[in-house]
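Residue-level structure breakdown
Residues per chain are reported as follows:
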2 protein chains.
Amino acid sequence: MANIGYFDNAKKEYVITNMRPRRPLSNYLWNELFLLNIDNFGFGESFLRISSEERRVLFGGGEATRLVYIKDRDTKEFYDINRNYRDLAFDKYECHVGIGYQQIISEYKGIETSLTVTVPTVGHAELWKITVKNNSNTDRNIDLIPYGRPDANVTTHLAYGHADYDSALGGLYFCHDAFAVDHDYSGVYMKASELPDSYDLSDINFKGVYNSWANPQALKEDSLTNKGASFDDTYCAAMQFKLTLKPNEEKVLYVVFGIATGIEDAIAQSNEYLAENAFENAIAEVKRIADEMDALYVLDTPDEYINIMINTWLKRQISLGKTWGRVCSKGFRDIMQDTAGLAAFDGKMAREKILLCLAHQRPNGNPMRAFDPIARTPYYDGAAWIPATVLAYLNETGDLSVLDEVCPYFECDEEGTVFDHMYRGLRFLLDNRGARNMVLWGGGDWNDSINNTGYQQKGESAWLSIATVKAITEFCRICEIMGGKDELIANIKEEQALLKAAILENAFEGDQFIYGITDWDELVGSKTNVEGQTYLNAQTWAVLADMLDEEGLNKIMQTVEDKLKCDFGYVQCEPPYSKKDEHIGRMAYFIPGGYENGSVYNHGVAFKIAADCKLGHADLAYETLKLISYDNPKNDNSGVEPYVVTNMYLGPQEPNRPGFSFYSWITGTAGWIYRDVTEFMLGVGGEWTGLKIKPCLPSAWNEATVSRVYRGATYNISFKRTGSYKLIVDGNAIDGCIAPVFPEGSVHTVVCEF
Amino acid sequence: MANIGYFDNAKKEYVITNMRPRRPLSNYLWNELFLLNIDNFGFGESFLRISSEERRVLFGGGEATRLVYIKDRDTKEFYDINRNYRDLAFDKYECHVGIGYQQIISEYKGIETSLTVTVPTVGHAELWKITVKNNSNTDRNIDLIPYGRPDANVTTHLAYGHADYDSALGGLYFCHDAFAVDHDYSGVYMKASELPDSYDLSDINFKGVYNSWANPQALKEDSLTNKGASFDDTYCAAMQFKLTLKPNEEKVLYVVFGIATGIEDAIAQSNEYLAENAFENAIAEVKRIADEMDALYVLDTPDEYINIMINTWLKRQISLGKTWGRVCSKGFRDIMQDTAGLAAFDGKMAREKILLCLAHQRPNGNPMRAFDPIARTPYYDGAAWIPATVLAYLNETGDLSVLDEVCPYFECDEEGTVFDHMYRGLRFLLDNRGARNMVLWGGGDWNDSINNTGYQQKGESAWLSIATVKAITEFCRICEIMGGKDELIANIKEEQALLKAAILENAFEGDQFIYGITDWDELVGSKTNVEGQTYLNAQTWAVLADMLDEEGLNKIMQTVEDKLKCDFGYVQCEPPYSKKDEHIGRMAYFIPGGYENGSVYNHGVAFKIAADCKLGHADLAYETLKLISYDNPKNDNSGVEPYVVTNMYLGPQEPNRPGFSFYSWITGTAGWIYRDVTEFMLGVGGEWTGLKIKPCLPSAWNEATVSRVYRGATYNISFKRTGSYKLIVDGNAIDGCIAPVFPEGSVHTVVCEF
């Protein structure tokens, strides 16, 4: 297997030991206002959120965001400890990916140095802790030079900018007081827990115009230049500290890098952040919050990696999404899905997100594709995601009042209850149908990249029709919970039946569903096509929507196994398009194996695991999960971070890097995989009347435990394979598979035989 | 003096011998469609113009745009010849900045290598000629690896992109066939005059994820990887050629880098560009066109640097501006001024540019600040620039018909003749006046950065009022040339007199003019101000507009000498603002010494030279010109290219880099300095009735010659200092200072005693 590192579960850390993985491995540190992307070198941008904008604080882009230089004053040798630009033979390198911090440790010629970066839970600064330890047996004269690259230019007009050492601050201050800017964050500062011996503020002086970070000009001299900078697009923040270390002596330096509204603000902030134990307290607070979330669902299965991911890391990934998901301009569909997962952790935030999303639904029932920033592409699938999320919220929280909450429609004076929003959404889907009675495709559906099939209001999406069938089922369940809606239920079920019939008539090919029919009456995802014959989501959603009887569903899922499986997952469609097709849209312009055009798009794979579980195919579900794991031996150097899930592996037909993962973290896949394992495989998920416990565990597992907080009560569940299902709650056998709701704070023992 | 290089006039080259100047030194290569910025390393972006957009072809940004690697197959040592990333002790380095080409020559361990880059006068490709010569006395086994960084991603959606060696092309092809892109230029190709031994298309393979250009991974192996690339944002184009060179043997390789609509287009283009002598012919054609332009005005003065600049390099800089000026989003004011200078070179293009500009004049007479792209900032000075340019056009070409040309107003159905446009412009200025009868300041005037003084329609600009006085004088001269406009002339002169009186009453302080009065009745550029007491342009334009008698004008120009002169020119204002002032606008937020806030802004210095000449201060004019020259001993390491003029030197109060020049080439200063020397110092410029010859030469010059083409005839003029003015044309003494118009093609001898 590719050598990357190992999990240190006691510390909730992943320790990267390979300084040159296939691609840099990411971690994120954040609070509500401040986001920092940091890789195994300590590189990556930081941002302050200002209303709907981001103001970058430090440069990223794979280069020298943060460096710690060490210079031996006697030998004059210098190097950076975290990127090793000089390619020296380090005696040690470790990057500890932690919950709320990133720590890089390296050792060279007897000097062990560490850089730990964290972001406190409030404010807009990053804190560094640097340690330098003399592991040799002689006194060592060492210069320590922390270096960062502030993005101090608020505007592109460099003449506004100047930077210098500020003696009142006792640190470096970069100021860009521009005319007519709509926020006050004009300053970036860097301050350390001690006053520096010298400093630099521009790479012109520190690095030199023609030098590299391997070889900065200023390190060839005894001290940095102490020169100010202005009109600069190469600002740096570098400080020199002259240390003398006896054998075994360790020196600790704290540094704060923040964004401020002025020098007074910078002074106030840095005093706070450099106070005694501020750094350690900041990390402790992040950990406390994470531990609280982790405790809501703890499982123990025979698969150690699944335990680690569910108990810690997927929750971390989901946490990032819930706060910062929108940094990738996520939209209605994405936030709705994330919220369905979030309901189990944080009902209050889930409720807020539902209302936020619905305020971006047009009065005709069709939501915006994306908001913040707004994308007006006329995708038609938004409304199909509402009932599932509302139902998940009700099931998890028991809070029926959300349905009566009044919420505006987008860009108009109309408003309506959440129930009204949900129903208008379904009406949009049901009332915008084509000649074959299936739902119109419009500008697209889940598959963003089939984006030219329905602009003429003729093309019909089979997938979206199936999703509508599913949404109606969920809507009816909500109506049942509310009570007194029998007529509405009856009417809409009739419409559902007609829609289902239309799908079966026009989109069913015996062993698969097609994906849709274009404006030009061409089938997409049909066996009659030359390319794009079979689409994954049309099959998996047919299962989730109960489009056929069990035998029929098993048959179409067999098609998935036969046609879409590859060594590292299931592809979105097969064969991928190799020829441009304007009638399909951008998907057919992508390289084969890229994104929707035949990649292993894990969001879709997560749907597939849910479908497997629904059909009771426990081993298939588990096997699928393992196929997309970082340690799948057939794709064990995919580039993905072991501690997160990726949104995509390039498909097997991709010509150059099949199986490669570009990025991870920011993907709705995390929430879906989490639900796959916790709700569908372990089978522990909220229902309106209580906690459903109905496992679908792989045949190799005979035991497992789950500790789960549900509506405030704790259920300590032991699963035991006996061959027949039985649920025993606090010693009492229960009919059915639903454990009752208990008072908040109470703790209950559950045994689930299966 | 700073060691940069030398002019080689026989070749019309500047030869840079210092590989590490203060900043990289720029050159441009271009045709109507294709622009390439190239520095002394051969780095710099290239662009294809597609309607009003640019499509980048190669990456710039100071890094590795073009590299030529050499590898000794026996020693395995490798290096790049043009940037020397490995910091080796080259035996030779020269960068020849040529007219239409850039040539970098270096030598290391007996291998002399050159890279010459040119852009043919048609098409959208750059051509490289690479020579490798064995100067050692043994056979050498050398790998030659040309490398470039194509920007092959038309959109940000990487999945559209793939690249590979194409055997039909015999070269590398990078394709980005994106959905719904509004142009066809989806491909970038690289092909050489020979087939490569191996190739690479991605830096992932060539450079390696963690390596640098000093140390590319692929050069450690015997051949490049021959791998394709897809989904890539690190494309490269590298080809390996295995050479064996005997002592003194030289190998020549041609390479073409182009942008194409498809592989067939790439094949057709590369066949053409790699045909025999295509490279040499391309350079010859650029040179032929430049020589033709150069011949229009040739001077010989005692100042060799002035001769070089006027005869060759300023014309080159002006040529770039006339074709590509708008790449820096230049606007109405800028193009109008450039066109006044252009009229002497290219009457046809000048006429086109006048009409283009006037089509962006609003029907109320006020032009757009900028178009292409459009900037709607309500600057009020646009109309004041029209008469001077139209008059220059008439004087140079004798083409009165332009005045009757009908041209639309901006964004409306109205249209009008050029004369009507010009008059409406003056009416806008005259009819939008404030309480003191001076012209309203609006959103700003020439000084873009005083941009908050007049939004309430109360602030009045003294400078713009003075510019209006000047424009009326020019307008009246045009009316006189047209004839039959006596009443209009009389009326507008009356208005001019009233405006002049208002300026003298409200803006004159005895030894200086103020710059204006804000919406809040505050003076700007007044002796009563604490900062920004004296503005250069208010004084120099008072001279150009004849605001006072000669004594009065000399007095205000003495103020310029006393208060605005510094070691390397004249500052825009003094003292610069150090405190933010919302009532001024962004200028008062700039650092002291930046742009309008007290830099040596050479556009303003060029006005000052014109004013000096107008007052007969020949020595002052010349001294001023030398102050802003690259070789001014008090600022001889400013960063500026010796072969172009810069738009700005940071002012003496700039805290970190006073005297520094950031960039050059794209500035209207080139045209103005050219006119300063040719029309005002040498005094040879078109008038309606003939060629005016009225020198204002420094006392140290007793002789000079000018050969000038005017309305198709050539005037070979010898200047001789005698102490009294006399003009002798073809042996006949002439009354006044205007040599008559002669038939096209005729050649005349002129002696001008002075």
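On a predicted model such as this, the values are computed, not experimentally measured, just so you know.

Residue and element names in this part refer to chain A. The buried count for strand β5 (residues 46-50) comes to four of five residues, which makes it a mostly enclosed element. Judged from the three bridges that link them, strand β4 (residues 34-39) and β5 form a sheet pairing that is antiparallel. The residue bridging Leu36 from the neighbouring strand is Ser46, located in β5. Following β4, the chain reverses through six residues before pairing antiparallel with β5; Gly42 in that reversal takes a positive phi of roughly 90°. Pairing of β5 with strand β6 (residues 53-58) involves five bridges; the strand directions are antiparallel.

Here the focus is the packing of aromatic side chains. This structure, assessed with the given rule, holds 95 aromatic pairs over all chains. With a centroid separation of 5.5 Å and an interplanar angle of 40°, the aromatic rings of Tyr14(A) and Tyr643(A) are classed as tilted. In this pair, Tyr14(A) sits in strand β2 (residues 13-16) while Tyr643(A) sits in the loop between α13 (618-627) and β32 (648-649), placing the two residues 629 residues apart along the sequence. Take Tyr643(A): its relative accessible area is 0%, and that puts it in the buried class. Measuring from ring centre to ring centre gives 5.8 Å for Tyr79(B) and Phe90(B), while their planes differ by 65°; the resulting arrangement is edge-to-face. Here Phe90(B) lies in the loop between β8 (78-80) and β9 (92-97) and Tyr79(B) lies in strand β8, a separation of 11 residues in the sequence. Accessibility assignment for this pair places Tyr79(B) and Phe90(B) in one class, buried. It is Arg83(A) that lies over the ring of Phe41(A); its NZ or CZ is 5.0 Å from the centre.

Attention now moves to the interface of chain A and chain B. Taken together, the contacts link 44 residues of chain A with 44 residues of chain B. The contact between chain A and chain B buries some 3400 Å² in all, and 61% of this surface belongs to carbon and sulfur atoms. For chain A, the biggest contributors to the area lost against chain B are Phe179(A), Tyr210(A) and Phe231(A); these three give 26% of the whole. Inspection of the chain A/chain B interface yields two salt bridges. Asp177(A) serves as the salt-bridge partner of Lys580(B), at 3.4 Å between the closest nitrogen and oxygen. Linking chain A with chain B are 18 residue pairs in polar contact (both at pLDDT 80 or more). For the side of chain A that touches chain B, the per-class residue count stands at 20 nonpolar, 11 polar and 13 charged.

For the pair chain A and chain B, the relating rotation is 180°, the translation along its axis is 0.0 Å, and the fit reaches an RMSD of 0.1 Å. Taken together, the rotation and translation relating the two chain copies correspond to the operation of a two-fold axis. Looking at the rotation axis and the C-alpha trace of chain A, the residue lying nearest is Ser212(A), at 4.8 Å. Comparing contact sets, 100% of the residues at the interface of chain A also lie at the interface in chain B, consistent with an isologous, same-surface contact.

With that settled, consider the sheet that holds strand β34 (residues 690-693) of chain B. Residue and element names in this part refer to chain B. The strand order across the open sheet formed by three strands is β33-β34-β39, and the pairing between neighbours is antiparallel. Both outer strands of the open sheet, β33 (684-687) and β39 (738-740), are each paired with one neighbouring strand and no more. For this sheet, the mean inter-axis angle between neighbouring strands, taken without regard to orientation, is 35°. Pairing of β34 with β39, which is carried by three bridges, proceeds in the antiparallel orientation. In the strand pairing of β39, Lys692 is matched with Ile738.

The next point concerns the pairing of strand β16 (residues 187-192) of chain A. On any regular strand, side chains alternate: one points to one face of the sheet, the next to the other face. For β16(A), the tally of buried residues reaches six of six residues, placing the bulk of the element in the interior. Covered by surrounding structure in β16(A) are Gly187(A), Tyr189(A) and Lys191(A) together with Val188(A), Met190(A) and Ala192(A), the residues of both alternating faces.

Below, the discussion takes up helix α15 (residues 669-681) of chain B. Each α-helix winds once per 3.6 residues, and so residues spaced three or four apart point in a common direction. Residue and element names in this part refer to chain B. Along its length, α15 reaches its greatest deviation from straightness, about 25°, at Arg675. The element α15 is extensively covered by neighbouring structure, given that 11 of its 13 residues are classed as buried. Among all positions in α15, only Thr669, Ala670, Gly671, Trp672, Ile673, Tyr674, Arg675, Asp676, Val677, Thr678 and Met681 are buried. In the segment just after α15, Gly683 is the residue with positive phi, at about 75°.

Turning to the sheet that holds β9(B), a few remarks are in order. Residue and element names in this part refer to chain B. Taken in spatial order, the 11 strands make up an open sheet running β1-β2-β9-β10-β11-β12-β20-β16-β15-β14-β18, and their pairing is antiparallel. Only two strands of the sheet have a single neighbouring strand rather than two, namely β1 (5-8) and β18 (229-230). Judged from the eight bridges that link them, strand β10 (residues 101-108) and strand β11 (residues 111-118) form a sheet pairing that is antiparallel. When the bridges of β11 are listed, Ile105 appears paired with Ser114. Along the sheet, helix α3 (residues 278-294) makes contact with β10, β11, β12 (125-134) and β20 (250-260), crossing β12 at roughly 120°.

A separate point is helix α2 (residues 278-294) of chain A. Residue and element names in this part refer to chain A. Taking 1.5 Å as the rise per residue, α2 with 17 residues should run 24 Å; its terminal C-alpha atoms sit 24 Å apart, in good agreement. Listing the buried residues of α2 in full gives Ala278, Phe279, Ala282, Ile283, Val286, Ala290, Met293 and Asp294. The buried residues of α2 occupy an angular sector of 165° when projected down its axis, which confines them to one face.

A few words on the packing of helix α6 (residues 386-397) of chain A against helix α7 (residues 418-431) of chain A. Residues and elements named next belong to chain A. With their axes 10 Å apart at the nearest point, α6 and α7 run at an angle of 150° to one another. The orientation of α6 with respect to α7, classified from their angle, is roughly antiparallel. Residues Ile386, Pro387 and Val390 of α6 pack against Val418, His421, Met422 and Leu426 of α7. Broken down by class, the residue content of the contact of α6 with α7 amounts to six nonpolar, one polar and no charged.

This paragraph deals with the pattern of salt bridges. Residues and elements named next belong to chain A. Taken as a whole and judged by the stated rule, the model has 84 salt bridges over all chains. For the salt bridge of Arg333 with Asp381, the shortest nitrogen-to-oxygen distance reads 2.7 Å. You can see Arg333 sitting in helix α4 (residues 332-342) and its partner Asp381 sitting in the loop between α5 (347-358) and α6, a full 48 residues away along the chain. The exposure class assigned to Arg333 is buried, which follows from its relative accessible area of 5%. Asp381 gets classed as buried once you look at its relative accessible area, which sits at 2%. Put simply, Arg424 and Glu414 hold a salt bridge, and the shortest N to O gap is 3.0 Å. Of the two residues, Arg424 is situated in helix α7 and Glu414 in the loop between β22 (406-408) and β23 (415-417); the sequence distance between them amounts to 10 residues.

This brings us to the side chain of Arg66(B). All names here are of chain B. Counting through the fold element by element, Arg66 comes out in strand β7 (residues 66-72). Under the relative-accessibility criterion, Arg66 is labelled buried at 0%. Within the structure, the side chain of Arg66 is placed 2.6 Å from the side chain of Glu126, a separation counted as a polar contact.

On the secondary structure map, Tyr160(A) appears in the loop between β13 (140-148) and β14 (161-166). Residue class for Tyr160(A) comes out buried when judged on its relative accessible area of 4%. Along the primary structure Tyr160(A) and Leu245(A) are separated by 85 residues, whereas in three dimensions their C-alpha atoms are 42 Å apart. When sequence neighbours within four positions are dropped, the list of residues in contact with Tyr160(A) reads Thr155(A), Cys175(A), His176(A), Asp177(A), Ala178(A), Phe179(A), Arg586(B), Tyr589(B) and Phe590(B).

Averaged over all residues, the pLDDT of chain A equals 96, while 99% of them reach at least 70. For this predicted complex, the interface confidence comes out at an ipTM of 0.94, alongside a pTM of 0.95.

Time to look at unusual backbone geometry. The omega angle of the peptide bond from Glu574(A) to Pro575(A) is -15°, so this bond is cis rather than trans. In this fold, Pro575(A) is placed in the loop between β30 (573-574) and β31 (600-601). Phi at Gln457(A) is positive, roughly 60°, even though this residue is not glycine. In this fold, Gln457(A) is placed in the loop between α7 and β24 (460-461). With phi around 55°, Asp546(B) is a residue other than glycine that occupies positive phi space. Its location among the elements puts Asp546(B) in the loop between α11 (536-544) and α12 (550-564). For Asp546(B), a relative accessible area of 39% corresponds to the partly exposed category.

About the thresholds
- Residues numbered from 1 in each chain as written.
- Chains lettered and ligands numbered in written order.
- Predicted model: local features only at pLDDT ≥ 70, side-chain atom pairs only at ≥ 80, totals over all residues.
- Heavy atoms only, no water.
- Buried < 20%, exposed > 50% of the residue type's maximum accessible area, 1.4 Å probe, protein only.
- Helix = DSSP H or I, 4+ residues; strand = E, 2+ residues; numbered from the N terminus.
- Pairing = 2+ DSSP bridges.
- Phe/Tyr/Trp six-rings, centres within 6.5 Å; stacked < 30°, edge-to-face > 60°.
- Lys NZ or Arg CZ within 6 Å of the ring centre and 35° of its normal.
- Contact = heavy atoms within 4.5 Å.
- Buried area = accessible area lost by both parts, 1.4 Å probe.
- Salt bridge = Lys/Arg side-chain N within 4 Å of Asp/Glu carboxyl O.
- Polar contact = N/O pair within 3.5 Å; in protein donor to acceptor, adjacent residues only side chain to side chain.
- Nonpolar A, V, L, I, M, F, W, Y, C, P; charged D, E, K, R; others polar.
- Least-squares fit on C-alpha atoms with pLDDT ≥ 70 in both.
- Axes fitted to C-alpha atoms, helices over the stretch in contact; angles between N-to-C directions.
- Bend = angle between axes of the 7 residues up to and from the residue.
- Expected span 1.5 Å × (residues − 1).
- Arc of directions from axis to C-beta.
- Parallel < 35°, antiparallel > 145°, perpendicular 65-115°, else oblique.
- pLDDT = per-residue confidence, 0-100.

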